[in-house]
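Observations on chain architecture
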Amino acid sequence: SDDHGHGSMIAGIVGADSNNGQGVAGVAWGATVLPVKVLDKTGTGSASDVAQGIIYAAKSGAQVINLSMARPSPSRALEEAVKAAHNTYGAILVAAAGNEGQAAVGYPAAYPEVIAVAAFDHGDPNSRASFSNWGPQVNVAAPGVDVFSTHLNGGYARGQGTSFASAFASGLVALLLSQDSARTDDDVR
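So, here is what we can say about the structure in this document. The structure presented is a predicted model; accordingly, all values stated were derived computationally and were not measured.

**Here we look at the overall build of the protein**
Looking only at helices and strands, one finds 5 helices and 7 strands in the protein. For the protein, the α and β elements follow one another from N to C terminus as α-α-β-α-β-β-β-β-β-β-α-α. A compact globule built from 189 residues should have a C-alpha radius of gyration of about 16 Å, and the protein, at 15 Å, falls within 12% of that. Each principal axis of the C-alpha distribution contributes one length, and for the protein these read about 45 × 35 × 35 Å. Across the 189 residues in the protein, those meeting the buried criterion constitute 42%. Here the analysis covers contacts within the protein between residues at least 6 apart in sequence; of these, 63% occur between residues at least 24 apart.

**So, the layout of surface pockets**
Approximately 210 Å³ is the volume found for the second largest pocket. Lining the second largest pocket are I115, N139, V140, A141, A142, F168, A169, L172, V173, L176, V188 and R189. Elements with a minimum of two residues in the lining of the second largest pocket: β5 (138-143) and α4 (162-179). In terms of residue count, α4 provides more of the lining of the second largest pocket than any other element does, 5 residues in total.

**Regarding the nonpolar core**
As a rule of thumb, soluble globular proteins bury nonpolar side chains together. Within the largest apolar cluster, 24 residues are counted, with the highest numbers of intra-cluster contacts made by I54, I65, L67, A85 and L93. When contributions to this core are tallied by element, the ones reaching two or more residues are α2 (47-59), β1 (64-67), α3 (76-88), β2 (92-96) and β3 (114-121). In terms of residue count, α2 provides more of this core than any other element does, 5 residues in total. Ignoring any residue separated from it by four or fewer positions in sequence, one finds I65 in contact with I54, A57, A58, A85, A91, I92, L93 and V94. The next biggest cluster of nonpolar side chains, apart from the first, holds 14 residues, and it includes I115, A119, A129 and V188.

**Describing the packing of α2 against α3**
Closest axis-to-axis distance for the α2/α3 pair is 8 Å, and the angle between their directions is 10 degrees. Accordingly, the angle class assigned to the pair α2 and α3 is roughly parallel. Seen from α2, the contacting residues are A47, S48, V50, A51, I54, I55 and A58; seen from α3, they are A77, L78, A81, V82, A84 and A85. Tallied by class, the residues present in the contact of α2 with α3 amount to 12 nonpolar, 1 polar and no charged.

**A word on unusual backbone geometry**
Note: most peptide bonds trans; most residues except glycine with negative phi. The residue after Y107, namely P108, is reached through a cis peptide bond having omega 15 degrees. Here P108 lies in the loop between β2 and β3. A positive phi is found at N19, a non-glycine position, where the angle reads about 55 degrees. Inspection of the secondary structure puts N19 in the loop between α1 (6-15) and α2.

Cut-offs and rules
Residues numbered from 1 in each chain as written. Predicted model: local features only at pLDDT ≥ 70, side-chain atom pairs only at ≥ 80, totals over all residues. Heavy atoms only, no water. Helix = DSSP H or I, 4+ residues; strand = E, 2+ residues; numbered from the N terminus. Rg over C-alpha atoms; globule rule 2.2 N^0.38 Å. Buried < 20%, exposed > 50% of the residue type's maximum accessible area, 1.4 Å probe, protein only. Contact = heavy atoms within 4.5 Å. 1 Å grid on protein atoms, 1.4 Å probe; cavity = no way out; pocket = protein on both sides within 12 Å on 5 of 7 lines; lining within 4 Å. Points joined across faces, edges and corners; volume = space filled by probe spheres on them. Core = buried A, V, L, I, M, F, W, Y, C linked by side-chain atoms within 4.5 Å. Axes fitted to C-alpha atoms, helices over the stretch in contact; angles between N-to-C directions. Parallel < 35°, antiparallel > 145°, perpendicular 65-115°, else oblique. Nonpolar A, V, L, I, M, F, W, Y, C, P; charged D, E, K, R; others polar.

Dropping the structure here:
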């Protein structure tokens, strides 16, 4: 279960229930969310833990795997898990570009099999959020500043980061697949 709050916010952006008179509505409010905890209560963890989570999600039938995290350097285990999820299981992977405000997309977003997501500021898609990483691997940008979403124990909170932008993009991918489940990664891109 979520003991940090980050996962609850990401899940809310993707799939919070709608038309219930409370809180927020997720981008793909009808989607099934498979929560996979790979980081500890401080938000840290190893590349091998993340890799195991990717494989677990792919083997469990996840069509979209959101990775609202970024590492500064590549990892063989992470790269192999990304390739297996994409090539063997047909999952579409979406990941945060990173929050260092530099021209260096973090991993796993930097892998070619992953849709890399940067963040823009306050609804202006022409204004990159100051913290958002950027680079040639970035495929899309989404809202990442002052994002309101679900939080721990039924609460709500505001946050910022490419993690939240990644969740918006993952929700959109889920909507596209709900229209046509035969869409491939190339179709979605």
